[in-house]
Structures are given as structure tokens and as C-alpha cells.
Amino acid sequence: MTADTFDIKSTGKTPPSAADPASEPDNMEAMSTDSRFGLRRHTYRFQTWMIGVVAFGIILVLLVQARFILTSLIFAIILFSLATDAINAIARLNIGTFKVPNWLASILVFCLTAVFLIVLATFIVAQVNSVVATTVVLSDQAISAVSGLFSFLGPETQAGIETSIRSVNLSGYLRSAAGQAGNLLSATTLVILFVGFLFSERIWFDTKLEKLMEDQRRAEQVRRIIRSIIRRINRYLVVKTAVSAVTGLAVYVIMLAFGLEFAVAMAVLTFALNYLPSIGSIIATVIVALIAYLQVPELGFTLLIFGIVTAVQFMLGSVIDPMLMGRTLRVSAFGIVMSMAFWSLVWGVPGAFLAVPILVAAMITCSHTPSARPLAILISRDGSPDFDEDKPSD
């Protein structure tokens, strides 16, 4: 009895050597089919990735090209969300037997918002133009003062630093900054128009949302997400505005106490830059110290101003701000830095101011979307992007 015969009897299977030769082409064809299927799958994945890259590039170009309109629209949406709370508060007022109707509250809040924006934009532009004009006139003195900070390194090093600074077209950058500040009035007008249209669409939003979702449950889920985003961003902006206003007022008092000029301009600059997390307060402190040094070119005096302003920034920004903010944001510091870097690259200075609200909105939206929840976990500070009040009630 041969080994092949024993194998057939014991296993009931025909060994490969005894198999039908006609089956070999079928096996080869099956292997070829599997190979073609695997190649097609890899090709499909590659095409999907390429389409995604191209789509991202197109979206990025559109974001850059339409940044004026988009940034104005986002600012308008933020102001509208803040104004909605004010409208609801005014509509609940009772003046004797007269109850303020919703339409009257909306008109009143819109008019106050428009006046506030116009006055604020005009004031900021006036302060920026004043600082730019004075800085252009004193540019030589400023360059000598900055290079004088490095006098301890020797006269050759000081002269080299002064030459390097003079090679920079400082006046051109300052005039460009003044031009961008002038665009603030145009942006303010566009924001007011957007806010007006949002007010007019406010009463129909719930009806449109239900018809769009075609499901009451899904519509309620979207409402819950929107309410959560508005609540988080509104609280962030209110706390940030209060802390920034107190910080700007403190800088104003410090500069007045030491008899320094540009107290109002530095207070406004500090107020605005404090909206930029982490780096804004540092930039504001350095600028205040530099302005002080230009007026009193003494290193000890400059360090004193720098130390006092740093102490104020630390107390308000690192102690009071987190205490008032609580668990409002719950966004990682690295995520904030990356968001600021990206949106600053895409939209410039407005993008830096909008980076945190956009990141918060993205985290809340992703946390309510199962497929995007891993991204929300990465963005969150402690891996828990959910808030107790955002969960549906039983």
C-alpha cells in the first residue's frame, strides 16, 4: 500500500498530486481574481484620499478668498447669540401693566447693538491712527531705544542690531496696519446688516429646522446642540470681556500713575489682545513696556512697568479668569494653540480672535456626532467633551 493510498483512505481527501489537473486553472483564476480585487480596493482608497486632499485645498482657497464676508458673518452670529439673551430678558420685563412685546425688544436691542458697534469701531480706528502716526514720527527714536537695550553686549553688537531693525520697513507695516484698521468700519457695517437679517429670520428658525430635519426628534437634537454652543460661547465671551476690561483699566491707571502717554491706546490694545489666549497678554505686556521705554529710556523704569503689568496680567488672567470660567470651555490648551495658528493663517487677525469660539463649536458638534466623537475627545481638555446640562433629559 502506497503512502498516497493510505492518505486517501484515512482522510478521504485526494492529495494534490492525485487531483484533477483540470482544477489547477480554476485555482489560478481565483487567485488572479483576488489579486485584482485587492488592487482595486487599494486604488479606491488612494482615489478617496486624493479627492479628500483636493477638496480640502478647494475649501481652504474659498475660505481665504471669502474671509472678509465669512469673518463678518461669524462675528454677526456671535453678536446675535449674545443679543438673543438680551431680547429674552427685555421681553420678560413688565412696566406696570405693559408687557414689552418681542418685536419691540428685538428692535431696541438691534438699535443698541448697531450704535455700540459703530461707536466702538470709530474709537478703535481713531486710537490706532493716533498710535501709528506718533510711532512713524518717533520711529528713529524707537529704533535707537530698542537697540540701546542691547548696549551691554558692546557697541558693535548694538550697531548691528540697529542696522538690522532699520532694514525692516517699519513705516510700511504701520501704514498697512492703519489701513486694516480702516477696514474695520466697512466690516462693522456688514456685521450690522448680517445681524439685522438674523433678527428678521429669528422667529422662523424653529419652523424651518423642523421641516429641514423632517423629524421632531432630530430637530430637537440639533436645537440642543445649538443651545449648548451658544451657552458656552456666550459665557466665554462675557467672562473674557469682563476680565479684559478690568485688565485694560488697570493698564490705563498704571500708565497715568507714572505719567506716561498713550494710556488710552494701551488700555484699548490690552483689552483687545486679551481675547487671544496665552499669547495675547504677553504681546500686550511687551508693547506697554516698550512704549514706556520710548518715553523714559531707563532700563530700571521699563522693568518696573513690565513687572507691574505682568503681575496684573497673571492675577487676572491666571487666577480670576479660570475661576470665573470654571468648566465652560473644557478645551485643551494645545487645541487652542493649533486652532489659533490655523485660523490666523487663513483669516489673519480676525481668525485669531475667532479661533476659540470656532473650536468650542466644533468640539460640541463632534461630541454629539457618533462618527466624529473621537475628534471631540482629542480636542477636549480631559477627554470628556460632554456637559451634564447638554445631555437629553429623561
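Predicted model, so just to flag it, every value in this text is computed and none were measured. (Residues numbered from 1 in each chain as written. Predicted model: local features only at pLDDT ≥ 70, side-chain atom pairs only at ≥ 80, totals over all residues. Heavy atoms only, no water.)

Asker: Please explain the environment of leucine 316 as it appears in this structure.
Answerer: Mapping leucine 316 onto the fold places it in helix α12 (residues 299-325). When its relative accessible area of 14% is taken as the criterion, leucine 316 is described as buried. Sequence-wise, leucine 316 and valine 246 are 70 residues apart; in three dimensions their C-alpha atoms are separated by 8.2 Å. What leucine 316 contacts, discounting residues up to four positions off in sequence, is Val243, Val246, Thr247 and Asp321. (Helix = DSSP H or I, 4+ residues; strand = E, 2+ residues; numbered from the N terminus. Buried < 20%, exposed > 50% of the residue type's maximum accessible area, 1.4 Å probe, protein only. Contact = heavy atoms within 4.5 Å.)

Asker: I'm lost on the nonpolar core in this one. Help?
Answerer: Soluble globular proteins tend to pack their nonpolar side chains together in the buried interior. In terms of nonpolar packing, the biggest core is built from 28 residues, with Ile229, Val331, Ile336, Trp343, Trp347 and Val360 touching the most fellow members. Of all the elements, helix α14 (residues 349-367) adds the most residues to this core, at ten residues. Beyond its immediate sequence surroundings of up to four residues, tryptophan 347 is in contact with Leu63, Arg67, Leu70, Thr71, Ile74, Leu354 and Ile358. (Core = buried A, V, L, I, M, F, W, Y, C linked by side-chain atoms within 4.5 Å.)

Asker: Quick question: what am I supposed to make of the pattern of salt bridges here?
Answerer: Two side chains carrying opposite charge are able to pair once their charged atoms lie near each other. According to the stated counting rule, one finds four salt bridges in the structure shown. In this structure, the salt-bridge partner of arginine 223 is glutamate 220, at a minimum N-O distance of 3.1 Å. Of this pair, arginine 223 and glutamate 220 both sit in helix α9 (residues 216-257), three residues apart, which is roughly one turn of the helix. Under the relative-accessibility criterion, arginine 223 is labelled buried at 10%. Residue class for glutamate 220 comes out partly exposed when judged on its relative accessible area of 32%. Measuring nitrogen to oxygen at the nearest pair gives 3.1 Å for the salt bridge that ties glutamate 220 to arginine 227. Assessed through its relative accessible area of 41%, arginine 227 is described here as partly exposed. (Salt bridge = Lys/Arg side-chain N within 4 Å of Asp/Glu carboxyl O.)

Asker: Just to check I follow, could you spell out the packing of aromatic side chains for this structure?
Answerer: Each aromatic ring pair is specified by the distance between its two centres and by the angle formed by the two planes. Tallying each qualifying case throughout the model produces six aromatic pairs. When the ring of phenylalanine 80 is compared with that of phenylalanine 199, the centres are 5.4 Å apart and the planes differ by 70 degrees; the resulting orientation is edge-to-face. Separated by 119 residues along the polypeptide, phenylalanine 80 in helix α3 (residues 67-91) and phenylalanine 199 in helix α7 (residues 170-201) bring together distant segments of the chain. With a relative accessible area of 17%, phenylalanine 80 lands in the buried category. Here phenylalanine 199 falls in the buried class, since its relative accessible area comes to 10%. Taken together, the ring pairs connect Phe80, Phe110 and Phe199 into an aromatic cluster. (Phe/Tyr/Trp six-rings, centres within 6.5 Å; stacked < 30°, edge-to-face > 60°.)

Asker: Just checking my understanding: could you explain the packing of helix α8 (residues 205-213) against α9 for this structure?
Answerer: Helix packing geometry: the angle between the two helix axes and the distance between the axes. Contact geometry of α8 with α9 gives a least axis separation of 8 Å together with a crossing angle of 130 degrees. Between α8 and α9, the angle falls in the class oblique. As for the relative orientation of α8 and α9, their crossing is right-handed in sense. In this structure, α8 uses Phe205, Asp206, Leu209, Glu210 and Met213 to contact α9, whose residues at the interface are Gln216, Arg218, Ala219, Val222, Arg223 and Ile226. (Axes fitted to C-alpha atoms, helices over the stretch in contact; angles between N-to-C directions. Parallel < 35°, antiparallel > 145°, perpendicular 65-115°, else oblique. Left-handed = near helix turned anticlockwise from the far one by under 90°.)

Asker: Would you explain the environment of alanine 352 in this entry?
Answerer: Mapped onto the secondary structure, alanine 352 falls in helix α14. Exposure remark for alanine 352: the relative accessible area of 9% places this residue in the buried category. Sequence spacing of alanine 352 and phenylalanine 342 is ten residues, and the spatial spacing of their C-alpha atoms is 8.5 Å. Those residues within four positions of alanine 352 in sequence are excluded, and the remaining contacts are Leu276, Met340, Trp343 and Ser344.

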